[in-house]
Amino acid sequence: MVFAELCYQIFERATLCYHVADSTDADIKNPYKLESIEYYLFQKNWVDAIQWHLEDIIRDPDIEPEFALQIKRRIDESNQKRTDLVELLDEYFWKKYENVILLPHATINTESPAWALDRLSILCLKIYHMEQETQRVDVSQGHVRRCEDKMHILLEQKRDLIVAIDLLLEDIEAGRKYMKVYKQMKMYNDPELNPVLYGKEISRCV
C-alpha cells in the first residue's frame, strides 16, 4: 500500500476516535508508538478535528461574546499546534531524504510533503462530515442529493491528492525534486512581533 493511503487510514482512524466522545475537551487516546510517524499523524488529525468543531462553535449567531473570545483563543492555540506538527512531520521527511543526490534539473515543489498531508487530513474530516450530511433524515431529499454530489467530488479529490503526494515523495527520493522547508513565521502569537502585544509591554515600561 502506498504511503499516502496509509496516512489517510491513520487520519480516518483519528477522526472516528474523536467522534466517539465528539467533544473538543476529550482526551486524546493515541494508539501508536510514542514519537513514531504514525503517532504524529494521529495527533495531527486529532488537532484538526478539534479545530474543525471549534470553528463550528464560534459561528453560532447566538454565542455569548465572552465565550466567543475563549473559543477564538483556543482556535489560535490550535493553529499553532497544527503548524508545529506540520513542521515536525517535515523534519521527518527532511531527515529521510537528506542524503539524496539531486539530478541536474531538480525542481522544488509548491508545498512540502507535510503541508500536502495537512490538506489530506482536512480532507478526511470533510469527507466524514459530508457523509454524515448524506445520512440525515431531518432534511429534504434535495439537501441529501447535493451533499451526495459533493461527496463524489471529495472522494475524487482524495484519490487525486493521495496520488499526488506519493508522486511527490517518489520524485524527492529519486532526486527529481527537492525539499525546502520554511519555518512558519507566525507573528500574532509572538509578543515580540505582534504590535498589540509588544505595545502593551512598552506602555508598562514607560
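Notes on the structure follow. Source: prediction; values computed, not measured.

**Quick look at the pattern of salt bridges**
As a working rule, side chains carrying opposite charge can pair if their charged atoms are close by.
Consideration 1: In the structure shown here, the tally under the stated rule is 11 salt bridges.
Consideration 2: When the shortest N-O distance is used, the salt bridge between Glu 55 and Arg 59 registers 2.8 Å.
Consideration 3: The partner of Arg 176 in a salt bridge is Asp 171, and the shortest N-O contact between them spans 2.7 Å.
Consideration 4: Arg 176 sits in the partly exposed class, given a relative accessible area of 39%.
Consideration 5: Within this structure, Lys 44, Asp 48, Arg 82 and Asp 118 form a network of salt bridges that share partners.

**A few points about unusual backbone geometry**
Consideration 1: With phi around 55 degrees, Asp 22 is a residue other than glycine that occupies positive phi space.
Consideration 2: Relative to the assigned elements, Asp 22 resides in the loop between helix H1 (3-21) and helix H2 (37-58).
Consideration 3: Residue Asp 22 is classed as partly exposed on the basis of its relative accessible area, which comes to 43%.

**Description of the environment of Ala 68**
Consideration 1: As for its placement among the helices and strands, Ala 68 is situated in helix H3 (residues 65-97).
Consideration 2: Between the alpha carbons of Ala 68 and Ile 58 there is a distance of 5.8 Å; along the sequence they are 10 residues apart.
Consideration 3: With sequence-adjacent residues up to four places away left out, Ala 68 is seen in contact with Ile 58 and Ile 63.

**As for the packing of helix H4 (residues 113-134) against helix H5 (residues 141-174)**
Consideration 1: Running from amino to carboxyl end, H4 crosses H5 at an angle of 160 degrees, the nearest separation of the two axes being 9 Å. If you check the angle between H4 and H5, you find them roughly antiparallel. With respect to the hand of their crossing, H4 and H5 are arranged in left-handed fashion.
Consideration 2: Among the residues forming the contact of H4 with H5, the class breakdown is 18 nonpolar, 3 polar and 7 charged.

**Observations concerning the packing of H1 against H2**
Consideration 1: Two numbers describe how H1 lies on H2: the axes approach to 8 Å, and their chain directions differ by 50 degrees. Relative to H2, the element H1 is oriented oblique. The two elements H1 and H2 cross, and the hand of that crossing is right-handed. Mapping the contact onto sequence places Cys 7, Ile 10, Phe 11, Arg 13, Ala 14, Thr 15, Cys 17, Tyr 18 and His 19 in H1 and Glu 38, Leu 41, Phe 42, Asn 45, Trp 46, Ala 49, Ile 50 and His 53 in H2.
Consideration 2: A breakdown of the residues in the contact of H1 with H2 according to their chemical character gives 11 nonpolar, 4 polar and 2 charged.

**Remarks on the packing of aromatic side chains**
Consideration 1: This model, assessed by the stated rule, comprises 6 aromatic pairs.
Consideration 2: Between Phe 3 and Phe 93, the aromatic rings sit 5.9 Å apart at their centres with planes inclined by 85 degrees, giving edge-to-face as the arrangement. Of the two residues, Phe 3 is situated in helix H1 and Phe 93 in helix H3; the sequence distance between them amounts to 90 residues.
Consideration 3: Considering the side-chain rings of Tyr 39 and Tyr 40, the 5.5 Å spacing of their centres and the 85 degrees angle between planes classify their relative orientation as edge-to-face. You'll find Tyr 39 and Tyr 40 in the same group, each marked buried.
Consideration 4: Members of the aromatic cluster, each reached through a chain of ring pairs, are Tyr 18, Tyr 32, Phe 42 and Trp 46.

Calculation criteria
- Residues numbered from 1 in each chain as written.
- Predicted model: local features only at pLDDT ≥ 70, side-chain atom pairs only at ≥ 80, totals over all residues.
- Heavy atoms only, no water.
- Salt bridge = Lys/Arg side-chain N within 4 Å of Asp/Glu carboxyl O.
- Buried < 20%, exposed > 50% of the residue type's maximum accessible area, 1.4 Å probe, protein only.
- Helix = DSSP H or I, 4+ residues; strand = E, 2+ residues; numbered from the N terminus.
- Contact = heavy atoms within 4.5 Å.
- Axes fitted to C-alpha atoms, helices over the stretch in contact; angles between N-to-C directions.
- Parallel < 35°, antiparallel > 145°, perpendicular 65-115°, else oblique.
- Left-handed = near helix turned anticlockwise from the far one by under 90°.
- Nonpolar A, V, L, I, M, F, W, Y, C, P; charged D, E, K, R; others polar.
- Phe/Tyr/Trp six-rings, centres within 6.5 Å; stacked < 30°, edge-to-face > 60°.

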